[in-house]
2 protein chains.
Amino acid sequence: MTLPVVLVTHQPAEPIRDAFLGVFAGAAELHFLPELSEDSRRDALRSARAVLTYHPIRDLGIDALAQLENCGLMQCLTAGIDYLPFGDLPDHIAVAYNAGAYAKPMAEHVGAMALSAAKRLAGEHRLMKQGEFNQFVPTKKVAGMTCGILGYGETGREVARLMRALGMNIQAVNRSGMTDEQVDFIGTLYDVDRVLAASDVVVITLALTKTTDRLIRAAQLGAMKPDAILINVARGEIVDEDDLYAHLVDNPEFTACLEAWWIEPVRHGRFETAHPFLDLPNVIASPHNSAMTDGSLITAAERGAENVLRFLKGETPRFIAGDDVRMV
Amino acid sequence: MTLPVVLVTHQPAEPIRDAFLGVFAGAAELHFLPELSEDSRRDALRSARAVLTYHPIRDLGIDALAQLENCGLMQCLTAGIDYLPFGDLPDHIAVAYNAGAYAKPMAEHVGAMALSAAKRLAGEHRLMKQGEFNQFVPTKKVAGMTCGILGYGETGREVARLMRALGMNIQAVNRSGMTDEQVDFIGTLYDVDRVLAASDVVVITLALTKTTDRLIRAAQLGAMKPDAILINVARGEIVDEDDLYAHLVDNPEFTACLEAWWIEPVRHGRFETAHPFLDLPNVIASPHNSAMTDGSLITAAERGAENVLRFLKGETPRFIAGDDVRMV
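Model, not experiment: these values are computed from the prediction.

**Q** Got a minute to help me understand the nonpolar core in this structure?
**A** The nonpolar side chains of soluble globular proteins are, as a tendency, buried together. Core analysis: the largest hydrophobic core is formed by 203 residues, its most contacted members being A:Ala48, A:Ile231, B:Ala48 and B:Ile231. Here B:Ala48 is in contact with B:Val5, B:Val6, B:Leu7, B:Leu68, B:Asn70 and B:Cys71, once residues within four sequence places are set aside.

See below:
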């Protein structure tokens, strides 16, 4: 029996390599592109039924992409694929994103940011250094808060589970406006303003698409509670950078927890902001590391590989990028 | 019918005054000391069956204490009563502390500190300001961690509920070495070293007593995991200040979350540390404000008043200070 060929476009770390081999054992012939000679490389590209990749253009190049004659699925290992130039990809290859692969670590990171903001941890530490000991200035009670989640997909629902465990009520928007989960409100992107107005904490877990690009501007920020906590773990572009900065300066009780940035190393080769967000006392910043906990890359790799396995068995793979999630 | 007299030794804010009046409606005659004329004050002291107080010595004075001839219960509104000079209190008055009155806000604060430390929020923000963008340095996964709780009373158990909701396993010590709750291990103070060695996060919610004074010294810190997170929301004195500072300097992966301090305004009139803890990158500091969320003082006041009501009805009041919780 000839096994179908699956091509991994990069050289993964040993535990991830092992995870791939484990998932495909007996079900596929696995090749790691950097390990192949030039001839084998050509064969592997021709025969591959599926490709596992972080970044197909960078790892394969346009010429190699054209050789993927038998490939039916390009499985990305990242959850967001807004960086992919879909126009350059062969039409016969479906692209799957790794939705929710990092949902658990990201939900913990969101919880850390929300609690840290509610309890003013960074701010009071700073004030203590200046000699202030504000024992009797109330912090926020988290239980009973309303958490608005923009993007109620895999990550959004995992965030909801954690926030619910902290005693928060959930209001959410997704594409369908429907969910089986226990929420106070579920709607679509048309309901964003309503959710923003009702929420003490707003978490953005949307994919960046033409529709969500700069979804949150001055008007939306103005619709939020003046002391709300806004957490963006998706993509910087979903929030208007200038509008957010102005809002933070004008509303010192408002907190922004920024994990996703507008210009950041992985996508742009550098970290850069148009305004000094990092110096504002009402900003909590993290370097887009919410997905990175010990072992999280292995979990994500397994999840991506299992989706490929689904495809090889003739089942429908999950999270195929339709036109609605294609950014460019 | 003559109602028993309950004396409140201070002038509470309106919502707390209302809470007291609500609890005792029809069950006691309530007097607020600062509202009384000198004569009424004398009568109130003589007739009071119970006293509700934040600080009996400061609010009443030694002379007034001697006039509490009919008083059977002094209900403190604070959870910790280590500051009380028991030797100066009349022997016929039982003293109750307000155990767990602030358990919920304190548990949220502990959760905020644990998550903030696990995700290195403050540290990475600081490094971003210095131009570092550490997207691929893993943070800690919280689910699956072991949380050791020293002092499994009202507050400790509330902390456990929150930590369990975050996916942590609980090891705890209390006075009895027993609990009905779902824990991986329960022991007594004799088991502290074992719990310290097993825990990723250690939370101190013990009362300060002769037994717990400087319970955590160099040897105990040395028994902990080198990258453990130590959270003290009880009393500074339970941890040796010099030993902790030395341990933090020697173990940069170890984090101390300090909410309770050695010299702090409410107990000592000033905030002071023997070492520059606030400047260490592996310290998260808060100004003993974990109990203070919107409404938490009202909840605590009601809880204290309900304990007094229990006493007036002839039931046994809860949380009577035995010799084992008396510090001085």
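Having seen the model, we can carry on.
**Q** Would you mind going over the packing of helix H4 (residues 103–118) of chain A against helix H6 (residues 154–165) of chain A with me for this structure?
**A** Residue and element names in this part refer to chain A. Orientation of H4 relative to H6, taken along the N-to-C sense of each, is 50 degrees, at an axis distance of 8 Å. Viewed along their axes, H4 and H6 adopt a mutual orientation that is oblique. With respect to the hand of their crossing, H4 and H6 are arranged in right-handed fashion. Residues Ala 103, Lys 104, Met 106, Ala 107, Glu 108, Val 110 and Gly 111 of H4 lie in contact with H6, whose contacting residues are Glu 154, Thr 155, Glu 158, Val 159, Arg 161 and Leu 162. In terms of residue class, the contact of H4 with H6 is made up of six nonpolar, two polar and five charged.

**Q** Would you explain the relation of the copies chain A and chain B in this entry?
**A** Each copy of the chain is related to the other by a rotation around an axis and a translation along that axis. Placing chain A over chain B gives an RMSD of 0.0 Å and needs a rotation angle of 180 degrees, together with 0.0 Å of translation along the axis. Given the turn and translation reported, the copies of this chain are related as if by a two-fold rotation axis. When the interface residues of chain A are mapped onto chain B, 100% of them are again interface residues, pointing to one common binding face.

**Q** Just to check I follow, could you spell out the interface of chain A and chain B for this structure?
**A** Accessible area lost during the coming together of the parts is what is often quoted as the interface size. With 43 residues of chain A at the contact, the number on the chain B side is 43 residues. Residue assignment for the side of chain A that touches chain B shows that the elements contributing at least two residues are H4, helix H5 (121–129), helix H10 (265–268) and strand S12 (283–285) of chain A. The element best represented in the side of chain A that touches chain B is H4(A), accounting for ten residues. Among the residues forming the side of chain A that touches chain B, the class breakdown is 23 nonpolar, twelve polar and eight charged.

**Q** Help me understand the pairing of strand S4 (residues 73–76) of chain A, please; the structure alone is not making it clear to me.
**A** Successive side chains on a regular strand alternate, one facing one side of the sheet and the next facing the other. All names here are of chain A. Here S4 shows no split at all, with Leu 73 and Gln 75 on one side and Met 74 and Cys 76 on the other all buried. Direction of pairing for strand S3 (residues 48–53) relative to S4: parallel, over a ladder of four bridges. Paired with Val 51 across the two strands is Met 74, which belongs to S4. Once you follow S3 into helix H3 (residues 56–66) and on to S4, the crossover reads as right-handed.

**Q** Would you explain the pairing of strand S4 (residues 73–76) of chain B in this entry?
**A** Sheet topology note: the S4(B)/strand S5 (residues 94–96) of chain B ladder contains three bridges and is parallel. Bridged to B:Met74 within S5(B) is B:Val95.

**Q** Would you mind going over the sheet that holds strand S2 (residues 29–32) of chain B with me for this structure?
**A** What holds strands together in a sheet is hydrogen bonding between their backbones, with the strands either parallel or antiparallel. All names here are of chain B. Across the sheet, five strands lie side by side as S2-S1-S3-S4-S5; this open sheet has parallel pairing. Only two strands of the sheet have a single partner each, and these edge strands are S2 and S5. Going across the sheet, the axis of each strand differs from the next one's by a mean of 20 degrees, ignoring polarity. The strands touched by helix H2 (residues 38–47) are strand S1 (5–8), S2 and strand S3 (48–53); relative to S1, the strand with the most contacts, the crossing angle is about 115 degrees.

**Q** I tried to follow the domain arrangement of chain A on my own but got confused; where do I start?
**A** Residue and element names in this part refer to chain A. Along its sequence, chain A is organised into domain 1 (5–101 + 295–325) and domain 2 (103–285). Each of domain 1 and domain 2 has a C-alpha centre, and these two points are 32 Å apart. With nine residues of domain 1 in contact, the opposing surface of domain 2 contributes eleven residues. Counted by class, the side of domain 1 that touches domain 2 contains four nonpolar, three polar and two charged residues.

Criteria and cut-off values
Residues numbered from 1 in each chain as written. Chains lettered and ligands numbered in written order. Predicted model: local features only at pLDDT ≥ 70, side-chain atom pairs only at ≥ 80, totals over all residues. Core = buried A, V, L, I, M, F, W, Y, C linked by C-beta atoms within 7 Å. Buried ≥ 20, exposed ≤ 12 C-beta atoms within 10 Å, placed from the backbone. Contact = placed C-beta atoms within 7 Å. Axes fitted to C-alpha atoms, helices over the stretch in contact; angles between N-to-C directions. Helix = DSSP H or I, 4+ residues; strand = E, 2+ residues; numbered from the N terminus. Parallel < 35°, antiparallel > 145°, perpendicular 65-115°, else oblique. Left-handed = near helix turned anticlockwise from the far one by under 90°. Nonpolar A, V, L, I, M, F, W, Y, C, P; charged D, E, K, R; others polar. Least-squares fit on C-alpha atoms with pLDDT ≥ 70 in both. Pairing = 2+ DSSP bridges. Right-handed = clockwise from strand over helix to strand, strands pointing away. Domains from an automatic or database assignment.

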